[in-house]
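Topology and contacts: notes
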Amino acid sequence: MSNESNNTSSIISKVWSFCTILKDDGVGYGDYLEQLTYLLFLKMVDEFSKPPYSRKFKFPRLKDEKDEEIKDAELCSWENLRAKRGAELETYYISMLRSLSSEKGMIGQIFTKSQNKIQDPAKLFKLIDMIDKEQWSTMGADVKGKIYEGLLEKNAEDTKSGAGQYFTPRALIRAMVECVQPQPMKTIADPACGTGGFFLAAYDYISNPNNYKLDKEQKEFLKLKTFFGNEIVANTRRMALMNLFLHNIGDFVSENFISSADALIADSGLRADYVLANPPFGKKSSMSFTNEEGEQEDEDLTYNRQDFWATSSNKQLNFFQHIRTLLKSDGKAAVVLPDNVLFEAGAGETVRKKFLETTNLHTILRLPTGIFYKPGVKANVLFFDNKPAAKNPWTKEIWFYDFRTNIHFTLKKNPMKFEDLKEFVECYNPSNINKRKENYNPETNPEGRWRKFTYEEILERDKTSLDITWIKDKSLTDLDNLPDPDVLANDIIENLEAGINSFKEIMLSINNK
């Protein structure tokens with residue numbers, strides 16, 4: 001093993017072990033990740049402001065309650081932070097976090113609503129000391145990224161924090177990117193970017209020398225002008241910015257490219273070449289308010305947008321429509337959406353018909369259960385190409401890959417890997433989607449997972465439903481070869497939770513009428 005890989009393992013081990021120490025003090029993965037983000041960012045800015053980089057960066061002074069710098073106060077710098085101990089360190093750290101939160105650009109976004117969660121000054125000093133001993137700016141982006149992505153995944157596993165909803169399985173993201181094959185000098189958007197997983201996978205694909213040999217201009221564009229996202233949760237947005245920064249995307253003095261605005265409220269005017277997204281799960285958009293009797297009531301949120309074909313409180317249907325608006329006239333998209341988008345009547349049917357007419361909705365990947373941190377989720381990936389206005393529908397046929405029936409994954413014992421999706425990527429045939437071959441045959445291979453349906457066949461279906469299956473579920477017929485008990489139990493829990501979520505939504509609708 002080389003010294004470099006030994007050193008990498010040593011750093012990862014240190015970061016993880018410190019996380020365990022803080023857990024005993026009630027500091028969870030999410031809180032640890034937050035503090036690590038503040039300190040790592042400050043240390044890297046400090047390193048970049050010194051030789052050999054000598055980047056010009058002006059650290060602000062500590063600020064007063066009006067967010068104005070106090071004359072002759074100390075600078076909010078790494079040098080000052082690491083020189084302090086005990087109660088003085090804690091006081092300075094709290095004041096520094098508040099002062100940096102009102103800065104402009106990426107720094108202000110990283111420190112938005114920042115608070116100290118490490119109550120023991122001795123442990124805070126040890127964490128600062130651990131970060132201070134490493135030269136993070138010279139460390140490979142893959143090493144820094146590995147440490148941070150590992151913590152993000154651990155945080156997603158922490159069911160109490162609810163962070164799993166912002167974390168899409170990396171194997172699935174990679175497969176989606178391999179199918180779309182984004183090109184250099186083109187823009188990529190994600191209107192619900194979570195911790196930035198799609199941006200990282202697209203960055204890795206474009207910067208891979210086996211795919212493209214980038215010149216200086218293309219590298220600069222990839223770093224600063226390719227990605228545009230939205231994330232309304234401040235802490236998740238902070239993690240996304242830091243995750244991208246550690247992977248060499250963006251810059252501490254660059255404009256922030258992840259907006260805190262709700263992407264659904266209005267058309268921002270942005271048009272991208274690609275959209276890669278997994279919008280948040282949960283069917284209804286709603287807001288709470290207090291009525292005249294002083295009781296809390298929920299009211300469905302609907303978005304009135306001229307560019308939407310249907311007004312709906314179904315959040316995913318709204319994202320689906322918004323993503324089409326985001327695309328340039330020749331843009332391409334790959335989006336994770338729940339089953340209800342495929343079969344819901346009313347607004348759902350209207351949106352599906354319009355998509356078939358105005359875009360080439362060419363591929364649907366039906367995903368297995370047990371791959372998301374939020375249980376009870378049944379989802380699909382829809383791949384479509386935007387098209388200019390035309391008389392005839394653009395969708396001629398839809399290719400379905402059933403990766404759900406008789407397939408069982410669990411998050412811990414049997415997690416989904418990229419290799420599990422390789423057959424789908426091959427069937428998708430990214431180099432030419434017009435040259436595809438079905439592996440389904442009613443006589444010779446009725447369990448083939450790759451099958452196409454024509455536009456006419458889809459229109460004949462009830463409510464233009466895209467919720468199509470054809471493979472027999474073996475668990476219903478082959479009682480001698482059932483999956484392991486824990487897989488069966490997990491499937492039962494997934495189905496029950498999906499059913500309960502549906503009933504909750506029905507009850508909410510009834511109660512609000």
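Residues numbered from 1 in each chain as written. Predicted model: local features only at pLDDT ≥ 70, side-chain atom pairs only at ≥ 80, totals over all residues. Heavy atoms only, no water.

This brings us to the packing of helix 4 (residues 86–100) against helix 6 (residues 121–132). Their axes nearest at 9 Å, the elements helix 4 and helix 6 cross at an angle of 70°. For the element pair helix 4 / helix 6, the angle class is roughly perpendicular. Contact residues: helix 4 offers Gly86, Leu89, Glu90 and Tyr93, while helix 6 offers Pro121, Leu124, Phe125 and Ile128. A per-class count over the contact of helix 4 with helix 6 returns 6 nonpolar, 1 polar and 1 charged. (Axes fitted to C-alpha atoms, helices over the stretch in contact; angles between N-to-C directions. Helix = DSSP H or I, 4+ residues; strand = E, 2+ residues; numbered from the N terminus. Parallel < 35°, antiparallel > 145°, perpendicular 65-115°, else oblique. Contact = heavy atoms within 4.5 Å. Nonpolar A, V, L, I, M, F, W, Y, C, P; charged D, E, K, R; others polar.)

So, about the packing of aromatic side chains. Enumeration over the complete set of coordinates arrives at 22 aromatic pairs. Measuring from ring centre to ring centre gives 6.2 Å for Tyr401 and Trp450, while their planes differ by 50°; the resulting arrangement is tilted. A residue pair is termed long-range when its members are at least 10 positions apart, and Tyr401 in strand 10 (residues 397–402) and Trp450 in strand 11 (residues 450–454) qualify at 49 residues. When the ring centre of Phe418 is taken as reference, the NZ or CZ atom of Arg174 above it lies at 3.8 Å. The ring of Tyr428 carries Arg436 above its face, with NZ or CZ at 4.6 Å from the centroid. (Phe/Tyr/Trp six-rings, centres within 6.5 Å; stacked < 30°, edge-to-face > 60°. Lys NZ or Arg CZ within 6 Å of the ring centre and 35° of its normal.)

Here we come to the confidence of the model for the protein. On average, the protein scores 86 in pLDDT, and the residues at 70 or more come to 87%. Taken as a whole, residues 293–299 scores under 50 in pLDDT and shows 17 contacts with residues more than four places along the chain or in a different chain. (pLDDT = per-residue confidence, 0-100.)

The next thing to look at is a nonpolar patch on the surface. Together, Ile492, Leu496 and Ile500 make up a nonpolar patch on the protein surface, roughly 290 Å² of accessible area in all. Residue position: Ile500 is located in helix 18 (residues 485–512). (Patch = residues over 30% accessible without salt bridge, like charges linked within 9 Å, V, L, I, M, F, W, Y side chains within 5 Å. Areas by Shrake-Rupley, 256 points an atom, 1.4 Å probe, with all protein chains shown as cover. Salt bridge = Lys/Arg side-chain N within 4 Å of Asp/Glu carboxyl O.)

Next up on the list: the sheet that holds strand 9 (residues 379–386). Read from one edge to the other, the open sheet built from 9 strands follows the order 3-2-1-4-7-9-8-10-11, with strand pairing classed as mixed. The strands lining the two open edges of the sheet, one partner per strand, are strand 3 (258–259) and strand 11. In the sheet, strand 7 (residues 327–338) pairs with strand 9 via 7 bridges, with the strands oriented antiparallel. Considered in strand 9, the bridge of Pro338 is made with Ala379. (Pairing = 2+ DSSP bridges.)

So, on to the pattern of salt bridges. Across all of its chains, the model carries 26 salt bridges by this definition. A salt bridge links Glu69 to Lys58; its shortest N-O distance comes to 3.9 Å. Note that Glu69 is positioned in the loop between helix 2 (29–48) and helix 3 (78–82) and Lys58 in the loop between helix 2 and helix 3, a separation of 11 residues in sequence. Linking Glu74 and Lys84 is a salt bridge whose minimum nitrogen-to-oxygen distance equals 2.8 Å. With a gap of 10 residues between them, Glu74 in the loop between helix 2 and helix 3 and Lys84 in the loop between helix 3 and helix 4 connect regions that are remote in the sequence. Each of Asp46, Lys50, Glu79, Arg82 and Asp132 takes part in one network of salt bridges that share partners.

Omega for the peptide link from Pro51 to Pro52 comes to 5°, which places this bond in the cis form. Here Pro52 lies in the loop between helix 2 and helix 3. One non-glycine residue, Asp72, adopts positive backbone phi at about 70°. Here Asp72 shows up in the loop between helix 2 and helix 3. Unlike most non-glycine residues, Lys113 shows phi in positive territory, near 55°. Note on placement: Lys113 falls in the loop between helix 5 (105–110) and helix 6. Overall, the relative accessible area of 67% leaves Lys113 in the exposed class. (Buried < 20%, exposed > 50% of the residue type's maximum accessible area, 1.4 Å probe, protein only.)

What follows concerns the nonpolar core. Counting residues in hydrophobic clusters, the biggest one holds 109 residues, and the most contacted among them are Tyr32, Phe41, Leu81, Leu365 and Phe383. Residue contacts for Leu365: discarding those within four places in its chain leaves Leu172, Asn380, Val381, Phe383, Tyr401, Phe403, Leu421 and Phe424. By size, the runner-up hydrophobic cluster in this structure holds 32 residues, among which are Phe320, Ala333, Tyr455 and Ile471. (Core = buried A, V, L, I, M, F, W, Y, C linked by side-chain atoms within 4.5 Å.)

Bringing helix 14 (residues 347–358) into the picture now. Spanning 12 residues, helix 14 covers 16 Å between terminal C-alpha atoms, matching the ideal 16 Å at 1.5 Å per step. Among the residues of helix 14, those classed as buried are Gly348, Val351, Arg352, Phe355 and Leu356. Projected down its long axis, helix 14 carries its buried residues within an arc of 135°, all on one side. (Expected span 1.5 Å × (residues − 1). Arc of directions from axis to C-beta.)

What follows covers the pairing of strand 2 (residues 227–230). Sheet topology places strand 1 (residues 188–190) next to strand 2; 3 bridges connect them, and they run parallel. Across the sheet, Ala189 pairs through a bridge with Phe228, a residue of strand 2. Sheet analysis places strand 2 next to strand 3, joined by 2 bridges and oriented parallel. Note on strand 3: the bridge partner recorded for Gly229 is Ile258. After leaving strand 2, the chain enters helix 11 (residues 234–246) and then returns to the sheet as strand 3, a path that is right-handed. (Right-handed = clockwise from strand over helix to strand, strands pointing away.)

Moving on: the packing of helix 7 (residues 141–157) against helix 11. Helix-helix packing is described using two parameters, namely the angle between the two axes and the distance between the axes. The contact between helix 7 and helix 11 brings their axes to 8 Å, and the two run at 155°. The angle between helix 7 and helix 11 places the two elements in the roughly antiparallel class. The crossing of helix 7 and helix 11 is left-handed. Counted together, Ala141, Lys144, Tyr148, Glu149, Leu152 and Asn155 of helix 7 and Met239, Met242, Asn243 and Leu246 of helix 11 form the full contact between these two elements. (Left-handed = near helix turned anticlockwise from the far one by under 90°.)

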